[in-house]
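Single-letter residue listing:
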Amino acid sequence: MDKFSKYTKNFWIHLILIIVSVISIFPFLWLLSTSLKGAGENIFAYPPAIIPKDFTWANYVGVWHKVDLMRYFINSMIVAGGTVLLNLILSSLAGYPLARMEFKGKKIAFFSILATIMVPFQAIMLPVYLITLKLHLVDTVNDTMGFIGLIMPFAVSAFGIFLMRQAFLAIPREMEEAAIVDGCNVFQVFWKVLLPMVKPSLAVLAIFTFIGSWGEFLWPSIVLTKEAMYTLPVGVNNLQGMFSSNWRFIAAGSIISTIPIIIFFLAMQKYFISGENEGAVKG
Amino acid sequence: MYKYYGKRAPYLFLLPAAVVLILFFFIPFFQTIGLSFLDYSSNIYHAGFAGLKNYIDILHNPIFYKVMFNTLLYLVVAVPILAIFPLFLAILINQKIRGITLYKILIYLPVIVSIVVAAIAFKWLYAEQGILNYLLNVMHINSIGWLTDPKYAIYSVIIVTIWKGIGYYMMIYLAALMSVPKELYEACDIDGANFWIKHLTVTVPHIMPTIALVTTISSISAMKIFAEIYVMTKGGPLNSTKTIVYYIYEKAFENLDLGYASAMAVILLVIVMIFSLINIFCFERGKYNL
């Protein structure tokens, strides 16, 4: 290919990718722009101005004082942190025997876990709620129970169990044999020998569980009754009701709520865009 | 290798996960089916056996057909776009040009950001005097009620779902593209094939399983849409954006008609399970070593 046609070809590729990139971030940019416009500027002005003319931080200060966004953030951290921790523990515990042991009922266990993939949470959410109520895992009892109730239905997933099972399958059996010869029992083999070897899979599971839990909206909006227990998505949705038509505040609150996850994404970007962990986020 | 673990060890390891799955998955699964045969419509505290009454009620309810139609519309509009456009993008991005990482980050950003924030951002774009109506006016088209006109509302919501899914499916395609042998492209270049011929004859046949996978997973997620609707339209105007999950939510948690909601949930269950079975046994066998 001659140089000229290569340049024109790259030009078209860049043009398309730039357009798609702009479309991808424009809704956020427009929200950001609105959040920085002062009372002296009409946010419905035609033609719309992307760069604020009456630039101000006042909307951020205002929403920060009126809404306890820090509380929502901490709640989200507790729920996402707890969900990640439980997923790591329960998935690796369950993945190990499925990868390495022979026992009665292994096939049944395997297919039961596989079956859970086929059933969407949305279809069983009503009984899940009834059971959560029965177990008193709701914020009307106390905050701790409320958090447990937010976490438990997502404490383990078939995706995590199978991911860990695959990781254990990839470890050479000699590792365990050596450990047994050295006098380890089965729990020590698991804890001291195998678990350190599946750290990369644990990292993948942690990151994708975190993203999923952080964005979860349906379940918290069903179980939560107290505003002090709101996670970020529920709290941000609630901004709409609090500031009915004050789009400057709604925009500022939404932007603040997005900052933590964007930092997390940029820090962990290689896990998301390297192409190695494709399909790990639940759709 | 001899059995270094005792008889009880495998069960002990499985126990914690089993407790969670039984409590929050298997019991609710069977309870959903059970509840669908009970009648809560007259008294929430005292259900009577209803037989197939809830299912018959659903089939006689025009809203059910509206909901199914909306879901079908979602499938027909969103799924083909989500199966094809991200592939096109992945092919463009799978080259040695400058700025690839930045493009990937920007296009993937909507996947990461909470759907609630995304829906609020779009609600603002869709506002009556919002920026999209301004663009229409510039093109000498009258403003439309993006979320308030029953003709357009469902498409406005579908746009959000598509916009949020593109980066996700693009990454799935990018991973698949790595497995296409480079020699085939070189052969095409020697033959002087253009971009479209090259990719239609080499890329597409090679990654057909991935295209099928994306089709089934985007179909399954289209049937589970909830947050977009809840934040933007609450199912309105005139039920024009009511989807299956929103309908279940409304019946269960607002109307407290647990039986009816459960029967609707069973219908969702059956549809999603069919798609999932296709998915697991046709495209994801390797993932589970079946």
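In this text, all values refer to a predicted model and were calculated from it rather than measured experimentally.

Things to note about the overall build of chain B
Stage number 1. Each helix and strand counted, chain B has 14 helices and two strands in total.
Stage number 2. Its C-alpha atoms give chain B principal-axis dimensions of about 80 × 75 × 30 Å.
Stage number 3. Counting only residues that meet the buried cut, chain B has 44% of its 290 residues in that class.
Stage number 4. Expressed as a percentage of contacts within chain B between residues at least 6 apart in sequence, the contacts between residues at least 24 apart total 69%.

What to know about the domain arrangement of chain A
Residues and elements named next belong to chain A.
Stage number 1. Here chain A is described as being made up of domain 1 (3–56) and domain 2 (63–273).
Stage number 2. A C-alpha centroid distance of 35 Å is found between domain 1 and domain 2.
Stage number 3. In this assembly, six residues from domain 1 lie in contact with six residues from domain 2.
Stage number 4. Here the side of domain 1 that touches domain 2 is composed, by residue class, of three nonpolar, two polar and one charged.

Focus: the environment of B:Leu268
All names here are of chain B.
Stage number 1. Looking at where Leu268 falls in the secondary structure, it is placed in helix H13 (residues 258–282).
Stage number 2. Using a count of 23 C-beta atoms within 10 Å as the deciding quantity, one classes Leu268 as buried.
Stage number 3. Placed 232 residues apart in sequence, Leu268 and Ser36 show a C-alpha to C-alpha distance of 12 Å.

Quick notes on the packing of helix H2 (residues 58–66) of chain A against helix H13 (residues 247–267) of chain A
All names here are of chain A.
Stage number 1. Interhelical geometry of H2 versus H13 gives an angle of 80 degrees and a closest axis separation of 8 Å. By the angle class used here, H2 and H13 are roughly perpendicular. Touching Asn59, Tyr60, Gly62 and Val63 of H2 are Arg248, Phe249, Ala252, Gly253 and Ile256, all from H13.

Comments concerning the interface of chain B and chain A
In many reports, interface size means the accessible area that the parts give up when they come together.
Stage number 1. Counting from both sides, the interface comprises 81 residues of chain B and, opposite them, 76 residues of chain A.
Stage number 2. In terms of residues, the side of chain B that touches chain A owes the most to one element, helix H1 (residues 9–35) of chain B, which gives 17 residues.
Stage number 3. Within the side of chain B that touches chain A, the residues separate by chemical class into 68 nonpolar, 10 polar and three charged.

Some remarks on the confidence of the model for chain A
Stage number 1. Overall, the prediction assigns chain A a mean pLDDT of 90, with 95% of residues at 70 or greater.
Stage number 2. With pLDDT under 50 throughout, residues 278–283 of chain A is counted as low confidence; its partners more than four residues away or in other chains account for 17 contacts.

Some details on unusual backbone geometry
Stage number 1. With an omega of -5 degrees, the peptide bond between A:Tyr46 and A:Pro47 qualifies as cis.
Stage number 2. In this structure, A:Pro47 sits in the loop between helix H1 (3–35) and H2.
Stage number 3. In this structure, B:Pro237 follows B:Gly236 across a cis peptide bond, with omega equal to -10 degrees.
Stage number 4. By secondary structure assignment, the location of B:Pro237 is in the loop between helix H11 (227–232) and helix H12 (244–254).
Stage number 5. For B:Asn239, which is not glycine, the phi torsion reads 60 degrees and is therefore positive.
Stage number 6. Following the sequence through the fold, B:Asn239 ends up in the loop between H11 and H12.

About the criteria used
Residues take numbers from 1 onward in each chain, read along the sequence in its written order. Here the convention is simple: chains get letters from A, ligands get numbers from 1, in the order in which they are written. In keeping with the model being predicted, local features are shown solely for residues with a pLDDT of at least 70 and side-chain atom pairs are shown and tallied solely at 80 or more, while totals for entire chains, interfaces and linings include all residues. Each helix is a run of H or I in the DSSP string that is no shorter than four residues. Each strand is a run of E no shorter than two, and both are numbered from the N terminus. Any residue whose C-beta has 12 or fewer other C-beta atoms within 10 Å is treated as exposed, any with 20 or more as buried, and any in between as partly exposed, C-beta atoms being built from the backbone. Any residue pair is listed as a contact if its two C-beta atoms, each placed from the backbone, are within 7 Å. Residue ranges for the domains trace back to a domain assignment, done automatically or taken from a database. Following the grouping adopted for this structure description, the nonpolar residues are Ala, Val, Leu, Ile, Met, Phe, Trp, Tyr, Cys and Pro, the charged ones are Asp, Glu, Lys and Arg, and the polar ones are all others, Gly among them. In this analysis an axis means a line fitted to C-alpha atoms, helices contributing only their contacting stretch, and an angle means the value between N-to-C directions, from 0 to 180 degrees. An angle below 35 degrees is treated as roughly parallel, one above 145 as roughly antiparallel, one from 65 to 115 as roughly perpendicular, and anything else as oblique. For every residue, the predictor assigns a confidence score, pLDDT, that lies between 0 and 100.

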